[in-house]
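Working through the structure, step by step
Each chain is listed here by its residues.
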Amino acid sequence: VDTPPTTTSYSVTGKVNGCEASTSVQVVVNPLPTATVTSNGSICSGEDAVFEFTGTPGAEVVYRLNNTTDYTIALSPSGSFTVSISNPSSNQTVSLVEVSNTNCDVSLNITETVSVQTIPAEPTVTNLGPYCQGDPSFSIASLVDNGINLKWYLASSGGSALSTAPTQVTSSPGTFSYYVSQTINGCESPRAEIEVVVIATPVISISGNNSICPGDTTILTASGGVSYDWGIPGETNDTISVSPTTTTTYSVVGTDANDCSSSAQITVTVNAEPTASVNAGSSPICSGE
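Overview of the structure. (Residues numbered from 1 in each chain as written. Predicted model: local features only at pLDDT ≥ 70, side-chain atom pairs only at ≥ 80, totals over all residues. Heavy atoms only, no water.)

1. Overview of the sheet that holds strand E6 (residues 60–65)
- The sheet built from five strands is open, its strands ordered E4-E10-E9-E6-E7 with mixed pairing. Each edge of the open sheet is held by one strand with a lone partner, namely strand E4 (42–44) and strand E7 (69–74). When strand polarity is set aside, the average angle formed by the axes of neighbouring strands in this sheet is 25°. (Pairing = 2+ DSSP bridges. Helix = DSSP H or I, 4+ residues; strand = E, 2+ residues; numbered from the N terminus. Axes fitted to C-alpha atoms, helices over the stretch in contact; angles between N-to-C directions.)

2. Brief notes about the pattern of salt bridges
- This structure, assessed with the given rule, holds three salt bridges.
- The shortest N-O distance in the salt bridge between arginine 64 and aspartate 70 comes to 2.6 Å.
- On the basis of relative accessibility, which here comes to 30%, the residue arginine 64 falls in the partly exposed class. (Salt bridge = Lys/Arg side-chain N within 4 Å of Asp/Glu carboxyl O. Buried < 20%, exposed > 50% of the residue type's maximum accessible area, 1.4 Å probe, protein only.)

3. Brief notes about the pairing of strand E17 (residues 174–184)
- Taken together, the four bridges between strand E15 (residues 150–153) and E17 define a ladder with antiparallel strand orientation. The residue of E17 that forms the bridge with tryptophan 152 is valine 180.
- Where E17 meets strand E19 (residues 192–199), seven bridges bridge the pair, whose relative direction is antiparallel. What sits directly across from glycine 174, in E19, is valine 198.
- In the sheet, E17 pairs with strand E18 (residues 187–188) via two bridges, with the strands oriented antiparallel. Within the sheet, the bridge partner assigned to isoleucine 184 lies in E18 and is cysteine 187.

4. Quick look at unusual backbone geometry
- For the peptide bond that leads from glycine 129 to proline 130, omega is 5°, which places it in the cis range.
- Looking at the element boundaries, proline 130 is found in the loop between strand E11 (124–125) and strand E12 (131–132).
- At asparagine 66, a residue that is not glycine, the phi angle is positive and equals roughly 55°.
- By secondary structure assignment, the location of asparagine 66 is in the loop between E6 and E7.
- With a phi angle near 55°, asparagine 185 is a residue other than glycine that sits in the positive phi range.
- As for its position among the elements, asparagine 185 is in the loop between E17 and E18.

Here's what the structure looks like:
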């Protein structure tokens, strides 16, 4: 009885009545089959759990899924096999039970688990505004109330994330849309939309007689807003009555319904009074002249 560690040849000689004869035999020691398993580790809800089996080419592997059901697979000639579990709702565990080839069986105790992570909710955002044309620029990140590992996009789906949060420039009016997601445990949430509305600056104008004589009064009327400030105490209506004694420039700040403002100016020119004189001449005249 022998336990050869490797393939070994044995010979024996037998004698009968003084006569001898010999023979030999080779005992082939097959290598023990091997198998192991790896996976994609942690997945997000909606993705597939993938297990990669590797080991002795052509070997049969028995594995147990979630400690309930045994399955048998055969490794390919290259020594691999893939099992994909579509869209699992919970963690998936594979335990290797046995690997065998033509001559040898080996019991195994190898376990691999794919954990399924929940997709996080989209970040909470606040759509402030509207903003006025010409307001200071600001980072869109200031409109996100909460979120972890934020990613910024210019589209509701697809496309690549921006390297930093966008900056809103208010030099031009319009409606601008941005999108933000958060990533928790490697899983990215749906994208939340951030809408920024920039209102055009109101066009404020002043009408009225801008050329008067000394002592005259003129009515100046502002338009283009819903409220006005002439910079004169108590003058907040759209019209004011002025009686400048010299040429004077008047300014008004007009504000529209969106609380956006701009200004206008008008110069009222006070013309010099005309003069006249008469000279009767230096000599008397004769009757009839």
